[in-house]
Amino acid sequence: MAPRREESPTGWYVGTYQLRFIELDDPRNEDENRRFLIWENTVLIKADRFVEAYRKVVKIGKSATAPYKGGPDGIDVRWVFEGVIDVLPVY
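Keep in mind that this is a model prediction, so the values were computed, not measured.

Conventions adopted
Residues numbered from 1 in each chain as written. Predicted model: local features only at pLDDT ≥ 70, side-chain atom pairs only at ≥ 80, totals over all residues. Heavy atoms only, no water. Helix = DSSP H or I, 4+ residues; strand = E, 2+ residues; numbered from the N terminus. Rg over C-alpha atoms; globule rule 2.2 N^0.38 Å. Core = buried A, V, L, I, M, F, W, Y, C linked by side-chain atoms within 4.5 Å. Buried < 20%, exposed > 50% of the residue type's maximum accessible area, 1.4 Å probe, protein only. Contact = heavy atoms within 4.5 Å. Salt bridge = Lys/Arg side-chain N within 4 Å of Asp/Glu carboxyl O.

### Things to note about the overall build of the protein chain
Phase 1: Looking only at helices and strands, the protein chain has one helix and four strands in total.
Phase 2: From first element to last, N terminus to C terminus, the protein chain shows the α and β order β-β-α-β-β.
Phase 3: Taking 2.2 N^0.38 as the reference for a compact globule, 91 residues should give roughly 12 Å; the C-alpha atoms of the protein chain span a radius of gyration of 17 Å, well beyond that estimate.
Phase 4: Taken along the three principal axes of its C-alpha coordinates, the protein chain extends 60 × 25 × 15 Å.

The structure is reproduced here in structure tokens:
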């Protein structure tokens, strides 16, 4: 039986997710018309199934969202996990 297209026969997946950078005290953070700095990040994931790979990408993306003091002025900032863009099997 041939493997399903979304399942990787090698057990490896490439996942891409987005993080948005915000200053915590900025009242415009939820303004849908505002432009934000967005980083697209790509990770290589080892997983038995597509669903497991997807969950791992989400976990990695959310793990980078703790607030911290940024820049020389120590402004409260954080990354906001915006979601998974893609999970692709490695053939």
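### As for the nonpolar core
Phase 1: Formed by Tyr-13, Tyr-17, Leu-19, Val-43, Ile-45, Ala-47, Ala-53, Val-57, Val-58, Trp-79, Phe-81 and Val-87, the largest nonpolar core amounts to 12 residues.
Phase 2: Those elements giving two or more residues to this core turn out to be strand 1 (12-23), strand 2 (38-46), helix 1 (50-62) and strand 4 (75-89).
Phase 3: Ignoring any residue separated from it by four or fewer positions in sequence, one finds Val-58 in contact with Phe-81 and Val-84.

### Quick notes on the pattern of salt bridges
Phase 1: All chains considered together, the criterion is met by six salt bridges.
Phase 2: Of the charged contacts in the structure, one is a salt bridge between Asp-26 and Arg-28, with a shortest N-O distance of 3.0 Å.
Phase 3: Look at Arg-28 and you get partly exposed, because its relative accessible area is 45%.
Phase 4: The salt bridge involving Lys-69 is made with Asp-76; its shortest N-O contact spans 2.9 Å.
Phase 5: Connected through salt bridges with shared partners, the residues Asp-26, Arg-28 and Arg-34 form a single ionic network.

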